[in-house]
Amino acid sequence: QTPDVYIVERLFSSSLVVVVSTAMPQRMNIYHFKKGTEICNYSYPNNILAVKLNRQRLMVCLEESIYIHNIKDMKLLKTLLNTPSNPSGLCALSTNHSNSYLAYPGSATIGEIIVYDANNLNTVTMIPAHDSPLAALTFNTSATKLASASERGTVIRVFSIPEGQRLFEFRRGMKRYVNISSLSFSPDGQFLCASSNTETVHIFKLEQLGPSGGDEAATWTSYVGKMFSAASSYFPAQVSGMMSQDRAFATVHLLTSGQKNVCTLAMIQKLPRLLVATADGQLFIYNVDPLDGGECMLSHKHRLFGVDDDQVEETESEGSEVTGPAQACPSYAATAALPASGPVTATLTG
């Protein structure tokens, strides 16, 4: 029987796996899952809401405190006490261990971001990112950029790290507020994807658009964007240096909406792909056109847990088309998805 696990974090492709279960939400267990052994465990005064790790640091986030460990010996290096109330455990740790930056909310009421140097153990900057509380944070691979979204979910902003200067502003939509569940940069830092509780996943391109705007559609938002760029000469340098885009470079329309999902951009077989994992246990892999963007095509679909509804599969021609190559070519699921779940659950039940 699978234990009631709600946090699983793996140190890149190594055998080090961190697990937190609802049975003991204040305890973090660290396993060597290939050997099937527990390395150590640590307990904290309150429930663990998030765990992040890179090759240098392991960070544990509680509602009002953050613990920073040295990953080599798990020694506690720093405790950040009395941090602003963070009931969702929102935080980000850069994967680049030479620039080991930590980002977390600096306020419970507005969208302030605290950027903390986890290597040198000091605060780097405070970024006034949004008017409403934060909902998502992520660093790019080189830890030179930080993307954020607020609870409104209409605007995604990108800041330079460590300076905290606003570089890009992407408008996800102006019709409605949405809950953005994940943000992720591509490995080369050229693209940023965002998923929410709607059926659309947006991919934005971090490019400096010219003043003409290219073949931009004559919409009200593009008109406002042109007005903004025309007036930018009157703004301070920090504002005028920021590029605003009101259209996504590429999009994906999921088959369902309303459930939580996580998206990421990756290079698989030397081609850019968008991966979307949904809360009901499905993994979708889409091809991304890095030159023209547009609507992304579904390439593979994997069921990670649960059972597919056969009738739904038959009625959805697009879904049945891609299940063929997914079954005929199970290498991605076999190498990425399945081994991670098998040994971990076996270890934990033991």
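Residues numbered from 1 in each chain as written. Predicted model: local features only at pLDDT ≥ 70, side-chain atom pairs only at ≥ 80, totals over all residues. Heavy atoms only, no water.

## A word on the sheet that holds strand β23 (residues 271–278)
Spatially, four strands are ordered β22-β23-β24-β26 in an open sheet, and the strand pairing comes out antiparallel. Only two strands of the sheet have a single partner each, and these edge strands are β22 (261–268) and β26 (297–303). The average angle at which neighbouring strand axes cross in this sheet is 20°, direction not considered. The pairing of β23 with strand β24 (residues 282–287) spans five bridges and is antiparallel. When the sheet's bridge partners are listed, Leu-275 is paired in β24 with Ile-285. (Pairing = 2+ DSSP bridges. Helix = DSSP H or I, 4+ residues; strand = E, 2+ residues; numbered from the N terminus. Axes fitted to C-alpha atoms, helices over the stretch in contact; angles between N-to-C directions.)

## What about the packing of aromatic side chains?
Scanning the entire structure with this criterion turns up five aromatic pairs. Between Phe-170 and Phe-204 the ring centres are 4.8 Å apart and the planes differ by 20°, which places this aromatic pair in the stacked class. Of this pair, Phe-170 sits in strand β16 (residues 166–171) while Phe-204 sits in strand β19 (residues 200–205); the two residues are 34 residues apart in sequence, bridging distant segments of the chain. (Phe/Tyr/Trp six-rings, centres within 6.5 Å; stacked < 30°, edge-to-face > 60°.)

## What to know about unusual backbone geometry
For the bond from Ile-161 to Pro-162, the omega torsion is 10°, close enough to zero to count as cis. One non-glycine residue, Ala-143, lies in the positive phi region at around 60°. Note that Ala-143 resides in the loop between β13 (134–139) and β14 (145–150). In this structure Ala-143 comes out as buried when scored by relative accessible area, which is 1%. (Buried < 20%, exposed > 50% of the residue type's maximum accessible area, 1.4 Å probe, protein only.)

## Some thoughts on the pattern of salt bridges
Evaluated as defined, the whole model comprises three salt bridges. Across the pair Glu-169 and Arg-157 runs a salt bridge whose closest N-O atoms are separated by 2.8 Å. Pair noted here: Glu-169 is in strand β16 and Arg-157 is in strand β15 (residues 155–160), with a separation of 12 residues, a long-range link. For the pair shown, Glu-169 and Arg-157 are each scored as buried. In this structure, the salt-bridge partner of Arg-166 is Glu-169, at a minimum N-O distance of 3.3 Å. Overall, the relative accessible area of 24% leaves Arg-166 in the partly exposed class. Given the relative accessible area of 8%, Glu-169 is considered buried. One continuous salt-bridge network, built from bridges that share partners, spans Arg-157, Arg-166, Glu-169 and Arg-171. (Salt bridge = Lys/Arg side-chain N within 4 Å of Asp/Glu carboxyl O.)

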